[in-house]
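# Structural description and commentary
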Amino acid sequence: MTQTTEYTAVFTGTTRKRLDEILTRYPTKRAALLAALWMVQEAHGWISDAAMAETAEVLDLTPSYVKGVVTFYTMYHQHPVGETFVQVCTTTPCDLCGAEGVVQALLEHTGCGELGATSPDGKFTVIEVECLGACGFATPVMMNEDFIEDVTPDKVPDLVKKYS
Ligand code: FES
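Attention here is on the structure that accompanies the text. As the structure is a prediction and not an experimental result, all values here were calculated from the model.

Attention shifts here to the state of the cysteines. Where two cysteines share a covalent bond between their sulfur atoms, that bond is called a disulfide. The final tally for this structure, using the stated rule, is zero disulfides. C97 forms no disulfide, and the closest cysteine sulfur to it belongs to C94, at a distance of 6.5 Å. As a non-bridged cysteine, C112 has C89 as the owner of its nearest cysteine sulfur, 18 Å distant.

Rendered as structure tokens:
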């Protein structure tokens, strides 16, 4: 889901209740920020400046503090992304094992064309990320929350088909 001109608040009704329940498990409101941002992303598909402001308000933080956290983690989207968000490790060990070929194959077969762009059908966005913690299984790729090891360029067409 994307946002246009009118912002739809996230933390209302059952979502607000869910947040309140989550807040009981943390020593401070600030400590629940990552969970709250995840709820925003579930609701809108990405985290806009307006959503950061709303999150800041409900957690008694400043919007700039929230933005600092959002921009630190690649798992939070600062703009609309495709239905399947694809993260490819291109850190040196994986790069030496051919990660660049995997990236190129993904860009070609998803139709994204370039890193960070969304495919014309809205199904995919591909980005490069730092070490995914599976250096012995190059090249690891995340398709949303699914972790896939040993991806090679020749495996990419089937992988893309599976998520289309
Ligand atoms: S360098 Fe790629 S997973 Fe660690």
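A separate point is helix 1 (residues 13-23). Burial in helix 1 covers these residues: T15, L19, I22 and L23. Buried residues along helix 1 cover an arc of 100° about the axis, so they all sit on one side. Counted as exposed and oriented over 90 degrees from the buried face of helix 1: G13, T14 and K17. In this structure, the buried residues of helix 1 make contact with helix 2 (33-44) and helix 3 (49-58).

Attention now goes to the side chain of T84. Here T84 lies in strand 1 (residues 84-89). Those residues in contact with T84, other than ones at most four positions away along the chain, are K123, F124, T125, M143, N144 and Y163.

Glancing now at the pattern of salt bridges. The tally for this structure, following the rule as stated, stands at five salt bridges. D20 is paired through a salt bridge with R16; the nearest N and O atoms lie 3.0 Å apart. Within this pair, D20 and its partner R16 are both found in helix 1, separated by four residues, close to a single helical turn. Linking R25 and E21 is a salt bridge whose minimum nitrogen-to-oxygen distance equals 2.7 Å. Its relative accessible area of 55% is what places R25 among the exposed residues.

Moving on to the packing of helix 1 against helix 2. Packed helices, taken two at a time, are described by the angle their axes make and the gap between the axes. It is the contact of helix 1 with helix 2, at a shortest axis distance of 10 Å, that shows an interaxial angle of 160°. Here helix 2 runs roughly antiparallel to helix 1, going by the angle between their axes. Seen along the crossing, helix 1 lies across helix 2 with a hand that is right-handed. Of the residues in helix 2, those touching helix 1 at T15, R18, L19 and I22 are A35, A36, M39 and E42. Split by residue class, the contact of helix 1 with helix 2 holds five nonpolar, one polar and two charged.

Another aspect to go through is the packing of aromatic side chains. All chains considered together, the criterion is met by three aromatic pairs. Between F72 and Y73, the aromatic rings sit 4.9 Å apart at their centres with planes inclined by 85°, giving edge-to-face as the arrangement. For Y73, a relative accessible area of 32% translates into the label partly exposed. Grouped by ring-pair contacts, the aromatic residues W38, F72, Y73 and Y76 constitute a single cluster.

Mapped onto the elements, T12 comes out in the segment before helix 1. Between the C-alpha atoms of T12 and M52, which are 40 residues apart in sequence, the distance is 15 Å.

The rules behind each value
Residues numbered from 1 in each chain as written. Predicted model: local features only at pLDDT ≥ 70, side-chain atom pairs only at ≥ 80, totals over all residues. Heavy atoms only, no water. Disulfide = S-S within 2.5 Å. Buried < 20%, exposed > 50% of the residue type's maximum accessible area, 1.4 Å probe, protein only. Helix = DSSP H or I, 4+ residues; strand = E, 2+ residues; numbered from the N terminus. Arc of directions from axis to C-beta. Contact = heavy atoms within 4.5 Å. Salt bridge = Lys/Arg side-chain N within 4 Å of Asp/Glu carboxyl O. Axes fitted to C-alpha atoms, helices over the stretch in contact; angles between N-to-C directions. Parallel < 35°, antiparallel > 145°, perpendicular 65-115°, else oblique. Left-handed = near helix turned anticlockwise from the far one by under 90°. Nonpolar A, V, L, I, M, F, W, Y, C, P; charged D, E, K, R; others polar. Phe/Tyr/Trp six-rings, centres within 6.5 Å; stacked < 30°, edge-to-face > 60°.

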